[in-house]
Amino acid sequence: MAGGNERSMKALKEVWRRAENSLCADCGKPDPDWASSTLGVFICLSCSGIHRNIPSISKVKSLKMDYWDDAQVQFLAKHGNAVTKAVYEAHIPIYYYQPTYNDCQVLREQWIRAKYERKEFTEPGKQLPYSDGVKEGILWKRGRDNGQFLPRKFLLSEREGCLKYFTKQDAKEPKINVKIDVINATFQPEKIGNPNGLQITYLKDNKTRNIFVYHESGKEVVDWFNAIRSVQFHYLKVAFPIASDNEIKNRLTRNFLKEGYMEKTGPKQREAFKKRWFTLDHRRLMYFKDPLDAFAKGEVFVGSKENGYSVQKGLPSGTQGNFSWHYGITIVTPDREYLFTCETETDQLEWVRAFTSVINQDMTPQEYASECLDVVSFPS
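Labelled according to an unreviewed UniProt entry, the protein appears under the name ADAP1 protein, originating from Climacteris rufus.

Have a look at this one:
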């Protein structure tokens, strides 16, 4: 640490070493080495950049490189992550998504602003923009065929248990009307090419349909995301009255386990391998010709090892299809083997790890039912 007397530095180290301050107060990243001298929280470098953008609320300093005077150290000692969280996170709705350091910038920024700037969680029963069971507004939606983003009116209704969108502001009938329990939403800024890009997926005739949207306002798009979670939560509370709040929370929106390019071959395993975009959404493995396709070209259910599913590195000996990538993966199911290749060994290991995590989990009764449905198998 630069500057400061020995007594202040020793006191600062003691506060910094407290167990409560070993993780970033905002995203949970280990070993934070920044702190807010006005809020009294210990935070990581990435979150400190967000704090720096709200200087009226938070003044941040490096714990390693900046000078901390006695009064500032005493303030940190009096507060710290546990005390500050008890104030600013006192009444977070159970459905509200609390991002981690793996989440995108817009989620983390709006979480920090919601806590410290807007103080959304300091009072019980506070009316929040995503908590009243209905949300209506404009989102920019990507056209399925032309790829252009155009403004569309969206309506989310807890009473009706659905999400709708309309092609025109004054349209009486929606273009789609989707039941809330088949919807997933996940932020995809890189894929969509917008920092506030949100991917909404839903099941239609047991096939996955993708909608890609964004809003110019980071707050607005995160409010939509949490409004979807709120409506889902209350819908599932009615549908599963004996389930605990945490059980229901775990059934709300989820991030994809893994996405990226692999090569695949057809069911005869003699066809040429083709490069495709793959998405692993828990037990549904889908592939697309383009990452922004509205519909998957094929889907396959990934069950558990008790039901005859497994994943192996490499391809079966004698595989005949031509492939340009050489890091193979074989998914074994009760019906057939699925063959893939990855560009790098790192990709291969990440995919194998993701498949293994799914296969090692016991299947729920709902997943047994899904396995019996006609999930579209990979065509050639």
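Next comes the rest of the description.
Engineer: Give me the domain arrangement of the protein: which residues, what numbers.
Structural biologist: In terms of domain boundaries, the protein breaks down into domain 1 (1-117), domain 2 (134-250) and domain 3 (258-377). In this structure, domain 1 and domain 3 have C-alpha centres spaced 41 Å apart.

Engineer: Give a description of the pairing of strand β7 (residues 176-179) that names residues and reports values.
Structural biologist: Burial along β7 is one-sided: I176 and V178 are buried, while N177 and K179, pointing the other way, are not. Note: strand β6 (residues 162-166) against β7, 4 bridges, orientation antiparallel. Within β7, the residue paired with L163 across the bridge is V178.

Engineer: How would you sum up empty space enclosed by the protein? Please name residues and give values.
Structural biologist: By the definition in use, this model includes 3 cavities of 30 Å³ or more. Of all the secondary-structure elements, those providing two or more residues to the lining of the largest cavity are β9 (198-204), β10 (207-214), β12 (274-281) and β13 (284-288). Examining the composition of the lining of the largest cavity, we find that 3 residues originate from one element, β12, more than from any other. Residues that form the lining of the largest cavity fall into these classes: 5 nonpolar, 5 polar and 3 charged. Residue assignment places the lining of the largest cavity across two domains, with domain 2 (134-250) and domain 3 (258-377) each supplying three or more. Along the walls of the second largest cavity sit R142, G143, R144, R209, N210, I211, F212, L292, D293 and A294, which together make up its complete lining. Here the lining of the second largest cavity is composed, by residue class, of 4 nonpolar, 2 polar and 4 charged. When residues of the lining of the second largest cavity are assigned to domains, at least three fall in each of domain 2 (134-250) and domain 3 (258-377).

Rules and cut-offs
Residues numbered from 1 in each chain as written. Predicted model: local features only at pLDDT ≥ 70, side-chain atom pairs only at ≥ 80, totals over all residues. Heavy atoms only, no water. Domains from an automatic or database assignment. Buried < 20%, exposed > 50% of the residue type's maximum accessible area, 1.4 Å probe, protein only. Helix = DSSP H or I, 4+ residues; strand = E, 2+ residues; numbered from the N terminus. Pairing = 2+ DSSP bridges. 1 Å grid on protein atoms, 1.4 Å probe; cavity = no way out; pocket = protein on both sides within 12 Å on 5 of 7 lines; lining within 4 Å. Points joined across faces, edges and corners; volume = space filled by probe spheres on them. Nonpolar A, V, L, I, M, F, W, Y, C, P; charged D, E, K, R; others polar.

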